[in-house]
Amino acid sequence: MVLAVGALAQGTNAAVFLGLPAISPQLRDHFGLSLPRVGLLLGAVNLGTMLTLVPWGAAADRRGERLVMTVGGVGAALCLASAAFDGAVVAGLALVGVGMFGASVNAASGRAVLTWFPPDRRGLAMGLRQTATPLGAALAAVVLPVLAVGAGVPAAFLALAGFTGFVALAVAALVREPPWNVRSTGRGHGLVLGDRALIRLSAASGLLVVPQFTAAALMVELLHEHRGVAVGVAAGLFAAAQVAGGLGRLAVGAWSDRTPTRIGPLKLISVLVAVGFALCAALDRAPVPVLVAALLPTAALALCWNGVAITAAGELAPTGRTGTALGMQNTANYLAATVTPPLAGWVAVTIGWSWALLLAAAAAVGARLLLTVPFAPRELAPELA
């Protein structure tokens with residue numbers, strides 16, 4: 001039940017920060033914005049999220065997941081509702097608030113999964129939770145444009161607000177902590193933020209987000225604008241990569257449950273992603289079917305590692321400070337997710353598409369190098385002692 005509600009909360013949060021771009025044309029018309037300004041509006045959610053991930057994680061360590069996710073969900077719902085009733089500036093500030101409150105889900109729901117499930121089932125459980133992210137984004141991408149076109153942008157914001165509030169109530173009613181759970185005393189969180197292994201893992205995760213969001217931001221543009229593939233076909237291939245990546249999260253999570261350390265799968269995935277993007281760069285001008293044959297599995301691979309990295313971060317945390325560790329790791333991810341699309345797009349337009357793909361490959365190589373130094377074996381991690 002806790003996993004189901006946590007996944008629902010995760011998918012709802014993703015429907016906001018990944019689903020709103022699906023109505024960017026309607027947002028531009030409704031608020032009278034240019035393309036760069038609507039980009040700033042959409043980026044407001046990520047900004048708010050980055051600011052509060054670690055504080056929410058620390059709060060979950062002290063007060064528990066139910067209180068943190070309930071307060072965060074109600075706050076996000078109220079901010080979404082306020083975004084429906086005024087101009088672009090108020091909407092932007094409201095979306096910053098959505099990110100600040102919605103960040104509660106990232107650390108707290110991950111902490112709940114890590115607390116309830118034993119080590120040999122955590123990877124798969126976290127994979128299920130993480131699969132809710134692309135599913136929530138996909139559902140929002142289907143529903144929100146229909147609402148925005150048919151009933152207006154305010155209706156889309158109110159629909160998101162209503163469902164976010166409903167999920168907050170579900171969290172309050174159904175999420176519980178196991179009797180063996182350990183809460184922190186509020187001291188020693190600096191030890192988590194200064195832990196070298198967690199810093200390296202967080203940095204490696206942030207670097208792996210670069211190829212993930214390069215594929216997310218550029219795959220359709222690469223196939224359509226650069227290689228002349230029909231936009232519907234390009235979008236369909238992108239959707240197929242997303243589905244494959246979501247299923248990959250389950251497979252990689254189950255695989256990590258059967259390995260001595262979660263870092264092993266992350267190392268191999270980093271290498272495969274680097275090779276895949278380098279191959280795509282080399283095939284930039286190859287016949288389209290050949291390019292697609294390399295690009296689709298590479299984009300799927302770039303999606304499948306998140307759950308394992310989150311699980312590894314939680315297992316490296318000292319007892320009672322899992323939420324803080326997850327907040328730290330997620331902050332690196334969101335920072336990279338914010339920077340990557342404009343950077344990769346600029347490289348593609350000004351230098352060349354193959355160089356944008358090589359940038360993604362280089363980031364994966366950097367992640368692999370950061371993971372080279374041995375980490376504490378999973379069975380010796382303080383959380384499992």
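Residues numbered from 1 in each chain as written. Predicted model: local features only at pLDDT ≥ 70, side-chain atom pairs only at ≥ 80, totals over all residues. Heavy atoms only, no water.

Looking now at the overall build of the protein chain. Each helix and strand in the protein chain was counted, giving 15 helices and 0 strands. Taken against the 2.2 N^0.38 rule, which gives 21 Å for 385 residues, the C-alpha radius of gyration of the protein chain at 20 Å falls within 12% of a compact globule. Viewed in the frame of its principal axes, the protein chain has a C-alpha envelope of about 55 × 50 × 30 Å. Carbon and sulfur atoms provide 72% of the accessible area of the protein chain, an area that totals close to 15500 Å². (Helix = DSSP H or I, 4+ residues; strand = E, 2+ residues; numbered from the N terminus. Rg over C-alpha atoms; globule rule 2.2 N^0.38 Å. Areas by Shrake-Rupley, 256 points an atom, 1.4 Å probe, with all protein chains shown as cover.)

Turning our attention to the packing of aromatic side chains. Geometry of an aromatic ring pair is reported as the spacing of the ring centres plus the angle between the planes. One pass over the structure, following the stated rule, counts 1 aromatic pair. Note on Phe163 and Phe166: the rings are 5.9 Å apart at their centroids and 40° apart in plane angle, and the pair reads as tilted. With Phe163 and Phe166 both in helix 7 (residues 153-174) and 3 residues apart, this pair spans about one turn of that helix. (Phe/Tyr/Trp six-rings, centres within 6.5 Å; stacked < 30°, edge-to-face > 60°.)

On the surface, Leu335, Val339, Leu343, Trp346, Ile351, Trp355, Leu358 and Leu359 cluster together into a nonpolar patch covering about 770 Å² of accessible area. If you list the elements that add at least two residues to the nonpolar patch, you get helix 14 (322-350) and helix 15 (353-370). Here Trp346 lies in helix 14. (Patch = residues over 30% accessible without salt bridge, like charges linked within 9 Å, V, L, I, M, F, W, Y side chains within 5 Å. Salt bridge = Lys/Arg side-chain N within 4 Å of Asp/Glu carboxyl O.)

We now examine the nonpolar core. Counting 66 residues, the largest nonpolar core has Leu198, Leu201, Met219, Leu223, Leu266, Phe277 and Trp305 as the members making the most contacts within it. Considering each element in turn, this core owes the most residues, 12 residues, to helix 9 (residues 196-226). Apart from the residues lying within four places of it in its own chain, the contact partners of Met219 are Thr214, Leu237, Phe238, Ala241, Leu295, Leu296 and Ala299. The next biggest cluster of nonpolar side chains, apart from the first, holds 46 residues, and it includes Ala9, Ile23, Ala91 and Ala161. (Core = buried A, V, L, I, M, F, W, Y, C linked by side-chain atoms within 4.5 Å. Buried < 20%, exposed > 50% of the residue type's maximum accessible area, 1.4 Å probe, protein only. Contact = heavy atoms within 4.5 Å.)

We now examine the environment of Val308. Of note, Val308 is situated in helix 13 (residues 306-316). Spatially, the C-alpha atoms of Val308 and Val252 are 7.2 Å apart, while their sequence positions differ by 56 residues. If we skip the residues at most four places from it in the chain, Val308 touches Val252, Gly253, Ser256, Arg262 and Leu266.

Turning our eyes to something else, we now look at helix 14. The end-to-end C-alpha distance of helix 14, which contains 29 residues, comes to 42 Å, matching closely the 42 Å that a straight helix rising 1.5 Å per residue would cover. Taken as a whole, helix 14 carries its principal kink of about 35° at Thr340; the proline Pro341 stands between one and four residues after it. Phi turns positive, to about 150°, at Gly352, one or two residues after helix 14. (Expected span 1.5 Å × (residues − 1). Bend = angle between axes of the 7 residues up to and from the residue.)

Take the packing of helix 4 (residues 65-82) against helix 7 next. Interhelical geometry of helix 4 versus helix 7 gives an angle of 165° and a closest axis separation of 8 Å. Here helix 7 runs roughly antiparallel to helix 4, going by the angle between their axes. Regarding helix 4 and helix 7, the two cross each other, and that crossing is left-handed. Only Phe157, Leu158, Leu160, Ala161, Thr164, Gly165, Ala168, Val171 and Ala172 of helix 7 make contact with helix 4, whose side of the interface consists of Arg66, Met69, Thr70, Gly73, Val74, Ala76, Ala77, Leu80 and Ala81. Residue composition of the contact of helix 4 with helix 7, grouped by class: 13 nonpolar, 4 polar and 1 charged. (Axes fitted to C-alpha atoms, helices over the stretch in contact; angles between N-to-C directions. Parallel < 35°, antiparallel > 145°, perpendicular 65-115°, else oblique. Left-handed = near helix turned anticlockwise from the far one by under 90°. Nonpolar A, V, L, I, M, F, W, Y, C, P; charged D, E, K, R; others polar.)

Looking now at the environment of Leu369. Inspection of the secondary structure puts Leu369 in helix 15. Among the residues examined, Leu369 registers a relative accessible area of 59% and is labelled exposed. Along the primary structure Leu369 and Lys267 are separated by 102 residues, whereas in three dimensions their C-alpha atoms are 8.7 Å apart.

Here helix 6 (residues 119-151) crosses helix 7 at 140°, and the two axes come no closer than 6 Å. Judged by the inter-axis angle, helix 6 sits oblique to helix 7. Here Leu144, Leu147, Ala148 and Ala151 of helix 6 come into contact with helix 7, specifically with Val153, Ala155, Ala156, Ala159 and Leu160. Per-class residue counts for the contact of helix 6 with helix 7 are 9 nonpolar, no polar and no charged.

For the rest of this paragraph, the subject is the side chain of Thr131. For Thr131, the location among the structural elements is in helix 6. Within polar-contact distance, the side chain of Thr131 engages the backbone oxygen of Gly127 at 2.7 Å. Residue contacts for Thr131: discarding those within four places in its chain leaves Gly246, Arg249 and Leu250. (Polar contact = N/O pair within 3.5 Å; in protein donor to acceptor, adjacent residues only side chain to side chain.)

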